[in-house]
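Summary of structural features
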Amino acid sequence: MLMDMLGIFIGFSAIMLLFSLLVTALVHGAQAALNLRLKNLKNVIESFFSQIDFLEADLVKNIIDKIDQRSPKQLYATALPLNLQGNQLKLTSIGQQELIDIINSTHELSIEQREQLTQKIHYYFDALEELMSQRFKQWMHQISIATAFVLCFVFQLNCFSILKDLNQDSYYRSQVGLVAEQLTSNSTTGINAQKSSELVQHHIQALNFEITPEQWKPYYSSLNVQTITNWIGIIFSAILISLGAPFWFNRLKDMVSLRDRLSEQKR
């Protein structure tokens, strides 16, 4: 009985991990394509400069343009994250000294204004850097939740149905268990987004998760208790997936390890 329960939870965690990895791959792809990290960086710095009384809007725009026009040089090219856009490499992070150098190269600022800005950056930069990081994480988390919901919707990924199938179908449970072992042995969370996406798609197809548009209308729009249950299951699935691949990977490893220990004790 206990081993069956563990098998159900292992299978459920494996499925959540698969879709979490797919969400991660899609979100990272969107972030790279839309250059969200650079946009976040510029928005936070622009907001910071806009609160300084002696800086007019044109001067703020000029500083932001200089940030956008940077090209990797020497230390920055290896020390800071980069995005490839066409033939141009753009830095997606910024250091305190680099920001001061950009201000000093802005000729529209007087010497006194440059000194004042430099002092403010020295004083506020740690908080500014933390704000950039937290805001970017918030963006990515919001995008992850939205992506998870879309995936759950198109695949009709209902956590209640998954638990029911794992409980009632021992063959399906064993198949998902094999996938769980492959995921934990391959350290899937450490591979790059492209390989992760390919591996996850293979496992999803092997477990018969399919996009079934012909079933969307009766599944989502019928006026009955089952439809309400379907929607609740989809929403819960999206929330669980949005916990992230590291969370489910660790839970899966813990339960596989517990199952192995219990199996050894029975021998």
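Take helix H6 (residues 111-155) next. Considering bend angle alone, the principal kink of H6 is centred on Tyr-124 and spans about 60°. Looking one or two residues past H6, Gln-156 carries a phi angle of roughly 50°, positive in sign.

This next bit is on the environment of Ala-148. With respect to the helices and strands, Ala-148 occurs in helix H6. Judged by its relative accessible area of 0%, Ala-148 falls in the buried class. Once the C-alpha coordinates of Ala-148 and Leu-22 are considered, the two residues, 126 residues apart in sequence, prove to be 8.9 Å apart. Sequence-distant contacts of Ala-148, that is, excluding residues within four places in its chain, are made with Val-23, Ala-238 and Ile-241.

The topology assignment puts Phe-54 in the loop between helix H2 (36-50) and helix H3 (57-68). The partly exposed category is assigned to Phe-54, whose relative accessible area is 23%. When the C-alpha atoms of Phe-54 and Gln-116 are compared, they prove to be 9.8 Å apart, with 62 residues separating the residues in sequence. The residues touching Phe-54, leaving out its near neighbours within four places in the chain, are Gln-113, Gln-116 and Leu-117.

The subject of this paragraph is the nonpolar core. Ile-15, Leu-157 and Phe-209 are the most contacted members of the largest nonpolar core, which has 47 residues in total. Counting residues per element, the ones that place at least two in this core are helix H1 (2-34), H6, helix H7 (159-168), helix H8 (170-185), helix H9 (193-206), helix H10 (216-221), helix H11 (225-241) and helix H12 (245-266). A per-element tally of this core places H1 first, with 14 residues. The residues contacting Phe-209, other than those within four sequence positions of it, are Ile-15, Phe-19, Phe-155, Leu-157, Tyr-172 and Ile-204.

The next point concerns unusual backbone geometry. In this model, Gln-156 sits at a positive phi of 50°, which is unusual for a non-glycine residue. Looking at the secondary structure, you find Gln-156 in the loop between H6 and H7. With relative accessibility at 14%, the residue Gln-156 sits in the buried group.

Now for the packing of aromatic side chains. All told, the structure shown has 14 aromatic pairs when counted by the stated rule. Relative to Phe-49, the ring of Phe-48 has its centre 5.4 Å away and its plane inclined at 50°; by these criteria the two rings are tilted. For the pair Phe-48 and Phe-49, one class covers both residues: buried. Consider the rings of Phe-247 and Trp-248, whose centres lie 5.1 Å apart with planes at 90°: the pair is edge-to-face. Linked through ring pairs, Phe-149, Phe-153, Trp-216, Tyr-219, Tyr-220 and Trp-231 together constitute an aromatic cluster. We note Arg-251 situated over the ring of Phe-247; from NZ or CZ to the ring centre the distance is 4.9 Å.

Between its first and last C-alpha atoms H11 spans 24 Å; for 17 residues at 1.5 Å apiece the expected length is 24 Å, and the two agree. Within the span of H11, buried status applies to Thr-227, Asn-230, Gly-233, Ile-234, Ser-237, Ala-238 and Ile-241. Buried residues of H11 fall within an arc of 135° about the axis and therefore sit on the same side. Of the exposed residues in H11, those oriented more than 90 degrees away from the buried face are Val-225 and Ile-228. For H11, the N-terminal capping position is held by Asn-224, with its side-chain oxygen 3.2 Å away from the main-chain nitrogen of Gln-226.

With 85% of its residues at a pLDDT of 70 or more, the protein chain has an overall mean of 81. Model confidence for the protein chain, summarised as mean pLDDT per element, is weakest for helix H4 (residues 74-79) at 45 and strongest for H11 at 93. Scored below 50 in pLDDT, residues 74-79 makes 6 contacts in the model with residues more than four places away or belonging to other chains. Counting contacts from residues 189-193, a segment whose pLDDT is below 50, to residues more than four positions away or on other chains yields 8 contacts.

What follows covers a nonpolar patch on the surface. On the surface, Phe-149, Val-150, Trp-231, Ile-235 and Ile-239 cluster together into a nonpolar patch covering about 420 Å² of accessible area. Looking at the nonpolar patch, the elements with two or more residues in it are H6 and H11. Counting residues per element, the nonpolar patch draws most heavily on H11, which supplies 3 residues. Among the structural elements, Phe-149 can be located in helix H6.

Each value, and the rule that gives it
- Residues numbered from 1 in each chain as written.
- Predicted model: local features only at pLDDT ≥ 70, side-chain atom pairs only at ≥ 80, totals over all residues.
- Heavy atoms only, no water.
- Bend = angle between axes of the 7 residues up to and from the residue.
- Helix = DSSP H or I, 4+ residues; strand = E, 2+ residues; numbered from the N terminus.
- Buried < 20%, exposed > 50% of the residue type's maximum accessible area, 1.4 Å probe, protein only.
- Contact = heavy atoms within 4.5 Å.
- Core = buried A, V, L, I, M, F, W, Y, C linked by side-chain atoms within 4.5 Å.
- Phe/Tyr/Trp six-rings, centres within 6.5 Å; stacked < 30°, edge-to-face > 60°.
- Lys NZ or Arg CZ within 6 Å of the ring centre and 35° of its normal.
- Expected span 1.5 Å × (residues − 1).
- Arc of directions from axis to C-beta.
- Polar contact = N/O pair within 3.5 Å; in protein donor to acceptor, adjacent residues only side chain to side chain.
- pLDDT = per-residue confidence, 0-100.
- Patch = residues over 30% accessible without salt bridge, like charges linked within 9 Å, V, L, I, M, F, W, Y side chains within 5 Å.
- Areas by Shrake-Rupley, 256 points an atom, 1.4 Å probe, with all protein chains shown as cover.
- Salt bridge = Lys/Arg side-chain N within 4 Å of Asp/Glu carboxyl O.

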